[in-house]
Amino acid sequence: MSIILGIESSCDETAAALVTSDREILAHKLAGQEEEHAPYGGVVPEIAARAHAEILTPLIEAALDEANMALDDVDAIAATAGPGLIGGVMVGLVTGKALAMAADKPLIAVNHLEGHALSPRLSNPELKFPYLLLLVSGGHCQILRVEGVNEYRRLATTIDDAAGEAFDKTAKILGLGYPGGPKVEKLAAEGDAEAVPLPRPLLGSKEPHFSFAGLKSAVVRAYDGGKYENADIAAAFQQAAVDCLKDRLEKSIREHEPVDHLVVAGGVAANSPIRAMLETLAAEHEMQFTAPPLWLCTDNAAMIAWAGAERFAAGLTDPLDIAARPRWPLDPNAEKVRGAGVKA
Ligand code: KG4
Ligand code: ZN
């Protein structure tokens, strides 16, 4: 059994966690930055990097305290090394390197997306490779075939905005503030999705990819027209997003080798109607469905520690001079598509 310290700082959550290779979460600590970014309606990279630098070390100490451990008890240190906002990523990675050097422990540079992709295996010990993964976050919207640790095949991605980005922009248009996803979901519950006609970009398209930019523009037009209730716009937007995700996933399920398990990860996986759609879709295709608990869907360090544990078990550690990467695709062989997102 090994104990991994995980560090996450790629966007607007600073987090530290201690997780064992036996899936025991010994401690997980998280500090959000909602208040710092709220006046700007989105994450400001410079403010994020400073906030990470201030809070990360105390957070790591708090995690060790909670687990009643010292750095010496840890077997390896896993830090997010990208993709994400580079200032924040550097704060976490440099801290990880310093701790690894000081305590003479191996460093594991974790791809934030791999953290999300493997997180369902932390919550579900039964989940075996390969599985089909819908990775939906603020910066990414991808369908991946997860073949194993460090083995990912990207089947689809967004050609413009990510799903979470579309939720966040819709929230901004409707004046709901930041972060938008949960606020749109809450308002949508009071609205009528049929009341506002919105498009479903790329629905039924021959290419496998997603697109959300046109949907966002349609939300702007619906709002500016002044004809509709905000709750109805929120509900119609959410339904359109559900329909697009479902259509693209169905295409991937139809066109690739069957797998037993459909899995969702990333912040948008916290959305109940999306989870409900995925559960039904999995049942229709005689697949099992796994979604991590909500706290494990949005950014956290337990998923980074767990990805570290999986990599450590596979003998994958990194040199101390490894660089942070603002862009870092999980599947290096995936074809490039038009204007794919950069955030994590
Ligand atoms: O994975 P995550 O925490 O950070 C990134 O790596 O991007 O995902 C954050 C995204 C945000 O866009 C947020 O609005 C969205 O996940 N999100 C939701 C919900 N909760 C978070 N979107 C829709 N419904 C939700 N309940
Ligand atoms: Zn994320």
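Coordinates for the structure precede this section.
Rules and cut-offs
Residues numbered from 1 in each chain as written. Chains lettered and ligands numbered in written order. Predicted model: local features only at pLDDT ≥ 70, side-chain atom pairs only at ≥ 80, totals over all residues. Heavy atoms only, no water. Pairing = 2+ DSSP bridges. Helix = DSSP H or I, 4+ residues; strand = E, 2+ residues; numbered from the N terminus. Axes fitted to C-alpha atoms, helices over the stretch in contact; angles between N-to-C directions. Contact = heavy atoms within 4.5 Å. Phe/Tyr/Trp six-rings, centres within 6.5 Å; stacked < 30°, edge-to-face > 60°. Buried < 20%, exposed > 50% of the residue type's maximum accessible area, 1.4 Å probe, protein only. Donors = N, O, S within 2.8 Å, 3.2 Å for Na, K, Ca; no water. Parallel < 35°, antiparallel > 145°, perpendicular 65-115°, else oblique. Left-handed = near helix turned anticlockwise from the far one by under 90°.

### So, the sheet that holds strand 1 (residues 3–8)
Whether parallel or antiparallel, the strands of a sheet pair through hydrogen bonds between backbone atoms. Judged by pairing direction, the sheet is mixed, and its five strands sit side by side in the order 3-2-1-4-5 without closing on themselves. Strands with a single pairing partner mark the edges of an open sheet, and in this sheet they are strand 3 (25–32) and strand 5 (107–111). Taking each pair of neighbouring strands and ignoring which way they run, the sheet shows an average axis angle of 20°. Strands in contact with helix 2 (residues 45–66) are strand 1, strand 2 (13–20) and strand 3; relative to strand 2, the strand with the most contacts, it is inclined by about 25°. Contacting strand 1, strand 2, strand 4 (76–82) and strand 5, helix 11 (residues 302–313) crosses the sheet at an angle of about 135° to strand 1.

### A short note on the packing of aromatic side chains
The tally for this structure, following the rule as stated, stands at three aromatic pairs. With centroids separated by 4.9 Å and ring planes inclined at 80°, the aromatic side chains of F167 and F237 adopt a geometry described as edge-to-face. Taken together, the residues span a long stretch of sequence, with F167 in helix 5 (residues 163–173) and F237 in helix 8 (residues 230–255) at a distance of 70 residues. When sorted by exposure, F167 lands in the same class as F237, which is buried.

### Some words on the coordination of the zinc ion (ligand 2)
Taken together, the protein ligands of the zinc ion (ligand 2) are H112 (NE2), H116 (NE2) and D299 (OD), with distances of 2.0 to 2.2 Å. If you list the donors of the zinc ion (ligand 2) from N- to C-terminus, the spacing comes out as H-x3-H-x182-D. Of this pair, H112 sits in helix 4 (residues 112–123) while D299 sits in the loop between helix 10 (294–297) and helix 11, and the two are 187 residues apart along the sequence. Neither H112 nor D299 differs from the other in exposure class; each is buried.

### As for the packing of helix 8 against helix 9 (residues 272–284)
Between helix 8 and helix 9, the least distance of the axes is 10 Å, while the angle of their chain directions is 30°. Of the possible angle classes, the one that applies to helix 8 and helix 9 is roughly parallel. The hand of the helix 8/helix 9 crossing is right-handed. On the side of helix 8, the interface is formed by Q238, V242, L245, K246, L249, E250 and I253, while helix 9 contributes P273, I274, M277, L278, L281 and E284.

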